[in-house]
Amino acid sequence: MHSEHEHHNHESHKHTQNHEENHETQNHHMDEGHGHNHDSHQSHGHDHSSHEGHGHHDHGDMVGDFKKRFFISLIITIPILALSPMIQDFMGVDWRFTGDMYVLFVLSTFVFFYGGWPFITGGISELKDKNPGMMMLIALAITIAYGYSTMVVFGWGGHQLFWELATLVDIMLLGHWIEMRSVMGASNALEQLVKLMPNEAHRLDENGQVKDVPLSELKNNDRVLVKPGEKIPVDGTIVDGKSTIDESMLTGESVPVEKFKGDEVIGGSVNNEGSLTIQVEKTGEESYLSQVITMVKEAQESKSRTQDLTNRAAKWLFYLALVAGFATLFIWLLLGHSLDVAIERMVTVMVITCPHALGLAAPLVVAVSTAISAKKGLLIRNRANFEGARNLNAVVFDKTGTLTKGEFGVTDIVPSEGYNEEDILKYASTVEQNSEHPIATGIVKAVKERDIQLGKLTDFESITGKGIQGKVDGKKVNVVSPGYVNSNNLAYDQQLFNEMSEEGKTVVFVLLEDKLIGMIALADMVRETAKEAIASLKENGIHSIMLTGDNKKVANWVAKQLGIDEVYAEVLPDDKANQIKKIKDKGWKVAMTGDGVNDAPALATADLGIAIGAGTDVAMETADVVLVKSNPNDVVALMDLSKKTYRKMVQNLWWATGYNIFAIPLAAGVLAPIGIVLSPAVGAVLMSLSTIIVAINAKLLKE
C-alpha cells in the first residue's frame, strides 16, 4: 500500500496514483488498448522464469501450467503405483515381471523432473535466499526419495519409494493449483470485466460525421457517439443528450443512474435509452475498468499472511527432517544395523516429514474463503490485512455516503395552523416534480412513500431568488428558501427553524397564494443497514467511531440516530489519516470505512482499509477490501469471515503437522524394540488420511 507520507494532502494523491499506473505499465508491458484485445489479457507479457516459489505468480499461465503438470503426473502415477512391490503386497497381488523396476524407474524419473520441477527450482531459490520454506521441504523429500529409490533399482539393498515420490508430487501440484486458482477466482469475475469493453467506438469528426474506430485510437477530448442500448466505450463527460445508464456491473448500483449534460460516464456501463455524445476523458490505462483490473492483479500478487504461517511451519519441518533423518541414521548404525537398513529408515523419516497435507492446508481454506467472500460481495485485495481483521478493536466510519446515503430525504414537516402534513407535501411536490434538484427529489420521494395524489400543475417557472413557482389546481404555490421568507418578513417559528438548521437539515418553506402554510426539513438520510452494523459491532465489543468533515451538530445528530458514541467532526480531509494514527497510538487495531477521494490516505493508514463499492476509484485503490454492495453490515460479515478463515487455517495446520508429530518417531523406529516399525505403506495410509481430513475441514468453512 502507499506509505503514509505520500498522503499529506490529497492533491499529491494524484501523483501516487499515476506513479502506480506507470509502474504497472512497466511491469506488464500493457498496450494502450489492453482491455480490448481480450485474448492477450491473460498473458500480458509475463516473464515465466522468474516466479520464484510462491512469490510472484503470473497467474493466468501458471494456473494452467500447474494444472497440466498435475493431471499428467497423476496419470503416470497410476502405473507407478501398480508396479510398486510395496503397493502390490499391500493389495495382496503379484504383478512382478522381468525389468519391471526399470519401467518404474523411467516413469518415476519423468514425474520427478516434470512434476517436481516447480518445487526443485523453487527450493533452489529459497536456498539462495537462505530462507527454506515449503518449496525447499518438498524438494528435499522428493529428491531424497528419488535418489534413494534409484540406488535401490540399480543394486542397493532396500525398498524403493517411487510411489511415495509420485503421490507427494501429485498432491503438492494439486495444492499449488488450487491455491492459485482460488486467487484467480476473485479475478475471473474481473476477467469478465475486460469483456465489458466494446471494441469500437463511433467517433465524431469536426463536421459531426460518424466514423467507427478501434478504441485504441481514441484520444482525450475526442467526441464519441453512443447509441441507445450500446456500451459506453470510454470514461468521459456527456456533452450532448441525456439518458439513464446501467452501471451495475461496475459499481454494484442496481438502479440505472440518470445522466445529463456535464455528467461523467464510465466505460463499460450500458446506455439505456437516449443517444449521447461523450467527450473522452480517460483512455486505456487510466480508465476506471483498467484500474479495477489492475487492482485485481495486485490482489493476486498479495501474499496471504497465513501462507507465511504455512511457510514457517514448512521451515521448521525442513530443519526437523534433517535433524531427525540424520539422528535416525546414526542411531540405527550405532545399534549395529547394516547401512542399507539405516539409510532406509533415514529416508522414510525424511520423506514422511514432508506432509502432503501441509501443501493443501492453507490453499484449500483460501479457496473456500475467497469464494464465500466473492459471493457476499467482498472483493479482498490484500489477504494479509483481511486475515488481520479478526483482531480489530475499532471501526472508523466516514459519515457521508457510508453511514448516510448521500441523498436528501424528508425528516420533518411543520404545517401552519389550518393545514396538515399531507397538504403541504402535496403542494410542494406538485411544484417540485419537474425539478432535478436533490431537494426536489427528496420531497417527491416522500410523496410516493405516502401515496399522496399530486395536484394538477400549470404555469411552472423557476424564479431566481424566489425559488420555484407554479399553479396547483389553479392556486399559486411557491417553494422558497429561508432568505426569501426573511426578506418578505413572513412570520414562522424561528426557534424550531434554528434547531432544525443546527442539526444540518435544509429547510424549505411552502407558500400558498403568498401565505406561509408550512416548512419542510430535509437531511442526508441515514442507511438502515448502518444502524444494524453498529449494533452488531457493539455486541462484539468493537468500538465504532465516526469521522467527518461535516459540522459538529450534524455529526452528533447522525451519531445519535445510529448509536455511535465517539465522533470526530469538522476534520479536514488531510487530517483524517492523522486521526487514524491517533487511534492506532492507543494500541488499537483500526479499520477505516470510507468512499471518497479524501478518505484514501486514511484508508491506507488504517490496519484494514474498507472502501464502499460505489465510492471513487482512488478510495478503492487504497483499500484492502472493497464492499461491492455498499452495505455497512458487510463490515461485520467481513470480520466474522476473517475469524473463521483463520481458525480453519490453524486447525488445518495442526491436522497436517500433527500427523508428523505422531509418524516421525514411528518411522524413525522408536518402537522397533517391540517389533513395531512404521512401514512406508502404513505411512502412506496415514498421510492420505491427514490429507483427506484437511480437505474436508476446509470445505466445512461456512458463511
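So, here's what we can say about the structure.

Definitions and limits used
Residues numbered from 1 in each chain as written. Predicted model: local features only at pLDDT ≥ 70, side-chain atom pairs only at ≥ 80, totals over all residues. Heavy atoms only, no water. Axes fitted to C-alpha atoms, helices over the stretch in contact; angles between N-to-C directions. Helix = DSSP H or I, 4+ residues; strand = E, 2+ residues; numbered from the N terminus. Parallel < 35°, antiparallel > 145°, perpendicular 65-115°, else oblique. Left-handed = near helix turned anticlockwise from the far one by under 90°. Contact = heavy atoms within 4.5 Å. Nonpolar A, V, L, I, M, F, W, Y, C, P; charged D, E, K, R; others polar. Salt bridge = Lys/Arg side-chain N within 4 Å of Asp/Glu carboxyl O. Phe/Tyr/Trp six-rings, centres within 6.5 Å; stacked < 30°, edge-to-face > 60°. Buried < 20%, exposed > 50% of the residue type's maximum accessible area, 1.4 Å probe, protein only. Lys NZ or Arg CZ within 6 Å of the ring centre and 35° of its normal. Patch = residues over 30% accessible without salt bridge, like charges linked within 9 Å, V, L, I, M, F, W, Y side chains within 5 Å. Areas by Shrake-Rupley, 256 points an atom, 1.4 Å probe, with all protein chains shown as cover. Pairing = 2+ DSSP bridges.

**A short note on the packing of helix α6 (residues 134-153) against helix α11 (residues 339-353)**
Running from amino to carboxyl end, α6 crosses α11 at an angle of 150 degrees, the nearest separation of the two axes being 8 Å. Accordingly, the angle class assigned to the pair α6 and α11 is roughly antiparallel. By crossing handedness, the relation of α6 to α11 is classed as left-handed. In this structure, α6 uses Leu-137, Ala-141, Ile-144, Ala-145 and Tyr-148 to contact α11, whose residues at the interface are Asp-340, Ile-343, Glu-344, Val-347, Met-350, Val-351 and Thr-353. Split into classes, the residues belonging to the contact of α6 with α11 amount to 9 nonpolar, 1 polar and 2 charged.

**Regarding the pattern of salt bridges**
As a working rule, side chains carrying opposite charge can pair if their charged atoms are close by. Enumeration according to the criterion identifies 13 salt bridges in this entry. Here Arg-69 and Asp-65 are joined by a salt bridge, their closest N and O atoms 3.2 Å apart. One end of the pair, Arg-69, and the other, Asp-65, are both in helix α3 (residues 59-83), 4 residues apart, so they sit about a helical turn from each other. Between Asp-412 and Lys-505 there is a salt bridge, with the nearest N and O atoms lying 2.8 Å from each other.

**Focus: the packing of aromatic side chains**
Evaluation of the coordinates by the stated rule reveals 17 aromatic pairs. Ring centres of Phe-112 and Phe-113 lie 4.9 Å apart, and the angle between their planes is 75 degrees; on these two criteria the pair is classed as edge-to-face. When its relative accessible area of 6% is taken as the criterion, Phe-112 is described as buried. Note on Phe-113: relative accessible area 43%, which makes it partly exposed. Taken together, a centroid distance of 6.4 Å and an interplanar angle of 70 degrees make the contact between Trp-316 and Tyr-319 edge-to-face. Of this pair, Trp-316 and Tyr-319 both sit in helix α10 (residues 305-334), 3 residues apart, which is roughly one turn of the helix. Look at Tyr-319 and you get partly exposed, because its relative accessible area is 37%. Grouped by ring-pair contacts, the aromatic residues Tyr-102, Phe-105, Phe-112, Phe-113, Tyr-146, Phe-154 and Phe-162 constitute a single cluster. The cationic tip of Arg-69 hangs over the ring face of Tyr-114; the distance from NZ or CZ to the ring centre is 5.1 Å. Between the NZ or CZ atom of Arg-390 and the centre of the ring of Tyr-646, over which it lies, the distance is 3.3 Å.

**Topic: a nonpolar patch on the surface**
A surface patch of nonpolar side chains, about 700 Å² in accessible area, is lined by Phe-90, Met-91, Trp-95, Trp-655, Val-685, Leu-689 and Ile-693. Put simply, the parts of the chain that give the nonpolar patch at least two residues each are α4 (85-91) and α25 (680-699). For the nonpolar patch, the leading source of residues is α25, giving 3 residues.

**Looking at the packing of α11 against helix α24 (residues 633-668)**
In contact at an axis separation of 9 Å, α11 and α24 are set at 175 degrees when each is read in the N-to-C sense. Classed by the angle they form, the pair α11 and α24 counts as roughly antiparallel. Each of Arg-345, Thr-348, Val-349, Ile-352 and Thr-353 in α11 lies in contact with α24, whose residues at this interface are Tyr-659, Asn-660, Ala-663, Ile-664, Leu-666, Ala-667 and Ala-668. Residue composition of the contact of α11 with α24, by class: 8 nonpolar, 3 polar and 1 charged.

**Here we look at the sheet that holds strand β17 (residues 515-526)**
With respect to topology, 6 strands assemble into an open sheet ordered β12-β17-β16-β15-β14-β13, the strand pairing being antiparallel. In the strand order of this sheet, the two ends are held by β12 (404-415) and β13 (457-463), each with one partner. Between one strand axis and the next, the sheet turns through 20 degrees on average, direction left out of account. Strands β12, β13, β14 (467-472), β15 (475-480), β16 (506-512) and β17 of the sheet are contacted by helix α15 (residues 421-432), whose axis makes an angle of about 105 degrees with β14. Packing of helix α16 (residues 438-450) onto the sheet brings it into contact with β12, β16 and β17, and relative to β12 it is tilted by some 70 degrees.

**Observations concerning the sheet that holds strand β20 (residues 590-594)**
Ordered in space as β10-β22-β21-β20-β11-β18-β19, the 7 strands form an open sheet in which the pairing is mixed. Each edge of the open sheet carries a strand with a single partner, namely β10 (378-380) and β19 (566-568). Each strand axis lies, on average, 20 degrees off the axis of its neighbour in the sheet, ignoring direction. Packing against the sheet, helix α21 (residues 576-585) makes contact with β11 (394-398), β18 (543-547), β19 and β20, and its axis sits at approximately 155 degrees to β18.

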